[in-house]
Amino acid sequence: MKENQPEDFKRELGLLDGTMLVVGSMIGSGIFIVSADIARQVGSAGWLTLIWLISGVITMIAAVSYGELSAMFPKAGGQYVYLKEAYNKLIAFLYGWSFFAVIQTGTIAAVGVGFSKFAAYLIPSLSDENIVFELSSFQLNAAQIVSILTIVLLTYVNSRGVKNSKTLQTVLTVIKILSLFGLITFGFLLAAKADVWNANWSDAWNTRSYSSEIGSWLPISGTALLTGISAAMVGSLFSSDAWNGVTFIAGEIKNPKRNVGLSLFLGTFIVTVIYVLTNLMYLAVIPLDEIATAKSDRVAVVASQYTFGDMGTIIIAVMIMISTFACNNGLIMAGARVYYTMAKDGLFFKKAANLNAASVPEWALWIQCIWASLLCLTGKYGDLLDFVIIIVLIFYILTIYGIFILRKKMPDVERPYKAFGYPFLPMLYIVIASAVCISLLLTKFSTCGWGVLIMLTGIPIYYFTKPKE
């Protein structure tokens, strides 16, 4: 080890920083566009609101359950560490493998593309229609270049030390929260119409599915309704994901036994409130048919146009650019800490276990940057998001069940914080998340099946690469 190389992280992040990381990582572009797809799947104001509320509540249950684990193991690596302690290195490796191959890097790529899509609103030449390089069947467009440049820039900022990235995260997230509350408040004050609200809620629980082929609504019930609800929840669960990023950087949090769990609760609570209020604003401003048929699913653009007129498009584009930029900063910061911890266990590239002079895992940051950038080039980020949710849910289920295992396995270990509502609430999460997984496998096997396959390919990789003991 080099003499000037730090051996451990610096604890420089407080409760506010942790909470802003949770909020900033959760709120990307989903809340601005996902409601259109949910409306098409279930076709009613009541179900649209309920799906966002259910997603928020089960996310909060998971977050407060994680509080027990984060207090028991207040070090870098988060979920990877919890899985290793509750199960074994194989399960932990499968999580780390999936995390690097798809979960974190695929989400970073998709969020980068979300940034570039709205940047193209302001500068049309940055759109994906502007092909800047072509070789045989491969095409490189301006939006992909913008996406990659944002990922490279944020990786560089993070490589210079956690102080820079935490300041950027906190400032951008505060702007993001204030902007969203501004959109909600002005939407209700300037654009809400009683007739629109009443019409949207007049038949609040009548479930329908919008068929783009015939341009009209079709009634749904039974199996079709379950299919619609599970398909709709993919978007809302994705929009509520990445809350666990703060557990990955627990090694840099001051008083982690208290602040990590509290950051998880405060962050997920704030985001759930924002998401539900945003959707109530949509329903007060936009007829449900327009929510379902919003161009490119950009519901927030429609709401902003109703509220601010022609300036609405520019306002919302800037908001989403700030939102996605802050989201990716949090994802990039947190992700590298998982690879660092895996490398310490001999389950990832050795260089990922090194910290630079600024006490951050610079090599891990750059390898993450390279793979996420390559995923931007594939153009498959939409598919990545579709099938990654099932892997995310599987590992959340395993991690929360790990609380039950660790209560028996390590009964005497200090637990500064215990899972709220144990055993009822953690088990409720496991049941709901398992039901969503089963429904997704039954209804979206073509995409979710690939997600499970990617995860399972980690088994031979683990046995081939693990160090001999």
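From a predicted model like this one, the values you see are computed outputs, not experimental measurements.

J.: Give me the lowdown on the nonpolar core, citing residues and values where you can.
T.: Formed by 149 residues in total, the largest nonpolar core has its most connected members in Trp243, Leu393 and Tyr429. If one sorts the elements of this core by residue count, helix α14 (residues 312-344) sits on top with 17 residues. Ignoring sequence-local partners within four residues, the contact set of Tyr429 consists of Ile58, Ile61, Ala62, Leu393, Tyr396, Ile397 and Ile400.

J.: Please set out the packing of helix α11 (residues 256-285) against helix α13 (residues 299-308) residue by residue, giving values where relevant.
T.: At their nearest, the axes of α11 and α13 sit 10 Å apart, and the two run at 55° to each other. By the criterion of interaxial angle, the relationship of α11 to α13 is oblique. Relative to α13, α11 is oriented so that their crossing is left-handed. Contacts from Met281, Tyr282 and Val285 in α11 reach Val299, Ala300, Ala303 and Tyr306 in α13. Across the contact of α11 with α13, the residue classes tally to seven nonpolar, no polar and no charged.

J.: Outline helix α1 (residues 15-26), supporting the account with residue identities and numerical values.
T.: The periodicity of an α-helix, 3.6 residues per turn, causes residues three or four positions apart to be oriented the same way. Its twelve residues give α1 an end-to-end C-alpha distance of 17 Å, which sits within 8% of 16 Å, the value for a rise of 1.5 Å per residue. Next to the buried residues of α1 lie α3 (45-72), α7 (162-191), α9 (222-239), α10 (245-248), α11 and α14.

J.: Tell me about the environment of Leu262, and name the residues and values.
T.: Here Leu262 is to be found in helix α11. On the accessibility criterion, Leu262 (29% relative accessible area) is partly exposed. Residues Leu262 and Val81, 181 residues apart in the sequence, show an inter-C-alpha distance of 19 Å.

J.: An account of the packing of aromatic side chains is needed here, citing residue identities and associated values.
T.: Taken as a whole and assessed by the stated rule, the structure comprises 26 aromatic pairs. When the ring of Phe349 is compared with that of Trp363, the centres are 5.6 Å apart and the planes differ by 65°; the resulting orientation is edge-to-face. Remark: Trp363 occurs in helix α15 (residues 362-378) and Phe349 occurs in the loop between α14 and α15; sequence separation between them is 14 residues. Of the residues examined, Trp363 reaches a relative accessible area of 31% and is grouped as partly exposed. Centre to centre, the rings of Tyr462 and Tyr463 are 5.0 Å apart; their planes meet at 75°, and the pair counts as edge-to-face.

J.: Could you give an account of the environment of Asp345, naming the residues involved and the relevant values?
T.: Assignment of secondary structure puts Asp345 in the loop between α14 and α15. Overall, Asp345 belongs to the buried group, its relative accessible area being 16%. In sequence terms Asp345 and Tyr462 are 117 residues apart; their C-alpha atoms lie 12 Å from each other. Beyond its immediate sequence surroundings of up to four residues, Asp345 is in contact with Tyr80, Lys84 and Lys89. A polar contact of 2.8 Å, which involves the side chain of Asp345, links it to the side chain of Tyr80.

J.: Outline the pattern of salt bridges, supporting the account with residue identities and numerical values.
T.: Enumeration over the complete set of coordinates arrives at nine salt bridges. When the shortest N-O distance is used, the salt bridge between Arg40 and Asp37 registers 3.5 Å. Of this pair, Arg40 and Asp37 both sit in helix α2 (residues 30-42), three residues apart, roughly one helical turn. We classify Arg40 as buried; its relative accessible area is 18%.

J.: I'd love a proper account of the side chain of Ser236, names of residues and values included.
T.: Among the secondary structure elements, Ser236 is positioned in helix α9. Within polar-contact distance, the side chain of Ser236 engages the side chain of Ser55 at 2.7 Å. Here Ser236 is in contact with Val34, Ile38, Ile51, Trp52 and Ser55, once residues within four sequence places are set aside.

J.: For the pairing of strand β3 (residues 208-211), give the residues involved together with the corresponding values.
T.: Alignment of β3 against strand β4 (residues 216-219), held across four bridges, turns out to be antiparallel. Along β4, the bridge assignment pairs Ser209 with Leu218. Hairpin connection between β3 and β4: a loop of four residues separates the two successive antiparallel strands, and Gly215 in this loop has a positive phi of roughly 65°.

J.: Can you lay out the state of the cysteines for me, pointing to particular residues and giving the numbers?
T.: In total, this model carries zero disulfides according to the counting rule given. Of all cysteine sulfurs in the structure, the one in Cys369 sits closest to Cys376, which takes part in no disulfide; the separation is 9.1 Å.

J.: Account for the packing of α2 against α11, with residues named and values stated.
T.: The geometry of α2 relative to α11 is characterised by a closest axis approach of 11 Å and an angle of 55° between their N-to-C directions. Taken together, the axes of α2 and α11 are oblique relative to one another. Pair α2 / α11 crosses with right-handed handedness. Between α2, through Ile31, Phe32 and Ser35, and α11, the contact on the second element is made entirely by Tyr275, Thr278, Asn279 and Tyr282.

J.: So, α9: which residues are in play, and what are the values?
T.: Under the 1.5 Å per step criterion, the end-to-end length of α9 is 26 Å for 18 residues, consistent within 8% with the ideal 26 Å. The sharpest bend along α9 measures roughly 25° and falls at Met233. Counting buried residues along α9, 13 of its 18 residues qualify, which places the element largely inside the surrounding structure.

J.: Outline a nonpolar patch on the surface, listing residues and values.
T.: Residues Tyr121, Leu122, Ile123, Met311, Ile314 and Val318 make up a contiguous nonpolar surface patch of roughly 490 Å² in combined accessible area. Position of Ile314 relative to the elements: it lies in helix α14.

J.: For the side chain of Thr324, give the residues involved together with the corresponding values.
T.: One can find Thr324 in helix α14. If near-sequence neighbours (up to four positions away) are discounted, Thr324 is found in contact with Gly28, Ser29, Val111, Gly114 and Phe115.

Reading the values: the criteria
- Residues numbered from 1 in each chain as written.
- Predicted model: local features only at pLDDT ≥ 70, side-chain atom pairs only at ≥ 80, totals over all residues.
- Heavy atoms only, no water.
- Core = buried A, V, L, I, M, F, W, Y, C linked by side-chain atoms within 4.5 Å.
- Buried < 20%, exposed > 50% of the residue type's maximum accessible area, 1.4 Å probe, protein only.
- Helix = DSSP H or I, 4+ residues; strand = E, 2+ residues; numbered from the N terminus.
- Contact = heavy atoms within 4.5 Å.
- Axes fitted to C-alpha atoms, helices over the stretch in contact; angles between N-to-C directions.
- Parallel < 35°, antiparallel > 145°, perpendicular 65-115°, else oblique.
- Left-handed = near helix turned anticlockwise from the far one by under 90°.
- Nonpolar A, V, L, I, M, F, W, Y, C, P; charged D, E, K, R; others polar.
- Expected span 1.5 Å × (residues − 1).
- Phe/Tyr/Trp six-rings, centres within 6.5 Å; stacked < 30°, edge-to-face > 60°.
- Polar contact = N/O pair within 3.5 Å; in protein donor to acceptor, adjacent residues only side chain to side chain.
- Salt bridge = Lys/Arg side-chain N within 4 Å of Asp/Glu carboxyl O.
- Pairing = 2+ DSSP bridges.
- Disulfide = S-S within 2.5 Å.
- Bend = angle between axes of the 7 residues up to and from the residue.
- Patch = residues over 30% accessible without salt bridge, like charges linked within 9 Å, V, L, I, M, F, W, Y side chains within 5 Å.
- Areas by Shrake-Rupley, 256 points an atom, 1.4 Å probe, with all protein chains shown as cover.

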